[in-house]
Amino acid sequence: MAVQTKVSFKTDAKPWWCPGCGDFAVLAALQRAATQLGLRPENVVLVAGIGCSGKIGDYFGSYNIHVLHGRTMPVAQGIKLANRNLTVIAASGDGDGYGIGLNHFIHAVRRNIDLTYIVMDNHIYGLTKGQYSPTSEKKFRTVTSPAGVYEQPIQPLVLALAAGATFVAQGFSSNVNQLTDLIMKAIRHKGFSLVNVLSPCVTFNKVNTYDFFRANLVDVADGGGHDPHDRTAAMRRITETGGLVTGLLYEEEGPSFQDYIPGYPETPLTEAKIDLPTSEWDKILKEHFG
Ligand SMILES: Cc1ncc(C[n+]2csc(CCOP(=O)(O)OP(=O)(O)O)c2C)c(N)n1
Ligand code: SF4
């Protein structure tokens, strides 16, 4: 029997991110998590959105699809439904995931298909050079909010919990060990898992910096923590800390979407024999296209 050696999930591509960008740490944590879980590149798909964050797909050595802006969720869910044997991971920025992709995000959460969603949340649009995003704080001055943001920011962790999320965690780029652990737990979780990562944009966000997060973040265990199976307690903790809390905030075990599909556990769609006689195929074409 062939001995399988651990793989590093590295590629030859040279990261294009600005020196110091928080996304380097997210990549490192994801590579470590996949390696430590003993995953094989041929069984993993990374679905990346558009943004600096979306470049992660080029640097992570598995199958990778770089999809349209805001569309990681439909593609990731489709892949998992077609082939349950794959580990499906999606990666977005806060603009990609919580702006243009927000509607898909909410439905993916409540649908609870077994995949892991990593959102690199830098509170700004990095790729397009510094416009405010759905998670930008009020009064934050950017090129599109010269007098400061007027809008209330989205709180993605609470939003996910309100939509029925079964796994919600938050990491910080400066704590790769914790982030690796959270990603491993998220991948192991049976159902949809959200890992929001506070991942500083060192070029365009001079407010939510590494120093800002180091000074303001608390660990979920600080002060005794809360029961991670208690949705209301998790929401309270996030609200009380203004979202500045890292760790596993909520986890619920139970069936995921796929468990309800008749026949799904036996044969993945990609391996199912779907033979359609030409006569049937012609009939369908005629019915729909005349
Ligand atoms: C349909 C569409 N609208 C707008 C854009 C322009 N655009 C590209 S990336 C982006 C936002 C990037 O911000 P974020 O998702 O937070 O990622 P970051 O670059 O900060 O990692 C926008 C608006 C686009 N590529 N496609
Ligand atoms: S612009 Fe910001 S988010 Fe983009 S690579 Fe540079 S530091 Fe990272």
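Note that residues are indexed from 1 along each chain, following the sequence as it is written. Lettering of chains starts at A and numbering of ligands starts at 1, both following the order in which they are written. Confidence filtering applies because this is a predicted model: local features only for residues at pLDDT of at least 70, side-chain atom pairs given and counted only at 80 or more, and all residues used for totals across whole chains, interfaces and linings. Excluding hydrogens and water, the side-chain values take into account all heavy atoms of the structure.

Things to note about the overall build of the protein
Secondary structure elements follow DSSP: runs of H or I no shorter than four residues count as helices, runs of E no shorter than two count as strands, and numbering proceeds from the N terminus. When its secondary structure is counted, the protein shows 10 helices and 10 strands. For 290 residues, the compact-globule formula gives about 19 Å, and the C-alpha radius of gyration of the protein, at 20 Å, lands near that figure. Dimensions of the protein along its principal axes, counting C-alpha atoms only, are 65 × 50 × 45 Å. Looking at the protein as a whole, 50% of its 290 residues are labelled buried. In the structure as shown, the protein presents an accessible area of about 14100 Å², 56% of it carried by carbon and sulfur atoms. Charge centroids of the protein, computed over 26 positive and 27 negative side chains, lie 5 Å from each other. Radius of gyration: over C-alpha atoms. The globule rule applied is 2.2 Å multiplied by the number of residues raised to the 0.38 power. A 1.4 Å probe rolled over the protein chains alone gives each residue an accessible area, and that area as a share of the maximum for its type sets the label: buried under 20%, exposed over 50%, partly exposed in between. Each accessible area is a Shrake-Rupley estimate made with a 1.4 Å probe; only the visible protein chains count as cover when residues are assessed. Think of it this way: Lys and Arg go in the positive column, Asp and Glu in the negative one, and His and the chain ends go nowhere. For this purpose, a charge sits on NZ of Lys, CZ of Arg, CG of Asp or CD of Glu.

A few points about the pattern of salt bridges
Salt bridges are counted wherever a side-chain nitrogen of Lys or Arg sits within 4 Å of a carboxyl oxygen of Asp or Glu. One pass over the structure, following the stated rule, counts eight salt bridges. In this structure, the salt-bridge partner of Lys190 is Asp259, at a minimum N-O distance of 2.7 Å. With Lys190 in the loop between α7 (176-188) and β8 (193-198) and Asp259 in the loop between β10 (245-251) and α10 (278-289), this pair connects stretches of sequence that are 69 residues apart. Residue classification places Asp259 among the partly exposed positions, given a relative accessible area of 37%. Here Asp211 ties to Arg214 by a salt bridge, and the two come within 3.3 Å at their closest N and O atoms. Taken as a pair, Asp211 and Arg214 lie in helix α8 (residues 210-216) at a separation of three residues, close to a single helical turn. Take Asp211: its relative accessible area is 55%, and that puts it in the exposed class.

Regarding the site of ligand 2
As a structural note, the neighbourhood of ligand 2 is formed by Trp17, Cys18, Cys21, Cys52, Asn122, Gly126, Cys201, Val202, Thr203 and Phe204. A per-class count over the shell around ligand 2 returns seven nonpolar, three polar and no charged. We call a residue near a molecule or strand whenever a single non-hydrogen atom of that residue lies within 4 Å of it. The classification used treats Ala, Val, Leu, Ile, Met, Phe, Trp, Tyr, Cys and Pro as nonpolar, Asp, Glu, Lys and Arg as charged, and all other residues, Gly among them, as polar.

Structural notes on the site of ligand 1
Residues in contact with ligand 1 amount to 16 residues; listed here are only the nearest, Cys52, Ser53, Gly95, Asp96 and Gly126. Leu127 is positioned with one of its backbone polar atoms (N or O) 2.9 Å from an oxygen atom of ligand 1. Burial of ligand 1 by the protein chains amounts to 72% of its free accessible area of 590 Å². Given that more than half its atoms are within 2 Å of the pocket grid, ligand 1 belongs to the second largest pocket. Element by element, the count of residues in the shell around ligand 1 is highest for helix α4 (residues 94-100), at four residues. Taken together, the residues of the shell around ligand 1 break down into six nonpolar, eight polar and two charged. The definition of a polar contact used here is a pair of N or O atoms within 3.5 Å, where within protein one atom must be able to donate a hydrogen and the other to accept one, and adjacent residues in sequence count solely through side-chain atom pairs. Grid spacing is 1 Å over the protein atoms alone, the probe is 1.4 Å, and a cavity is where that probe fits but cannot get out, while a pocket is an open set with protein on both sides within 12 Å along at least five of seven lines and lining residues have an atom within 4 Å of a point. Any molecule with more than half of its atoms within 2 Å of a cavity's or pocket's grid points is counted as sitting in it.

Some remarks on the sheet that holds strand β2 (residues 63-66)
Pairing between strands is defined by DSSP: at least two bridges between them are needed. Taken in spatial order, the eight strands make up an open sheet running β2-β1-β3-β4-β8-β7-β10-β9, and their pairing is mixed. Among the strands making up the open sheet, the edge pair consists of β2 and β9 (218-219). On top of the sheet, α7 reaches β3 (87-93), β4 (116-121), β7 (167-172), β8, β9 and β10; it is set at about 160° to β7, its chief contact. Residues count as neighbours in contact if any of their non-hydrogen atoms are within 4.5 Å of one another. The convention used is that axes are lines fitted to C-alpha atoms, helices contributing only their stretch in contact, and that angles between N-to-C directions extend from 0 to 180 degrees. Across the sheet, helix α9 (residues 231-240) touches β9 and β10, and the angle it forms with β10 is around 165°.

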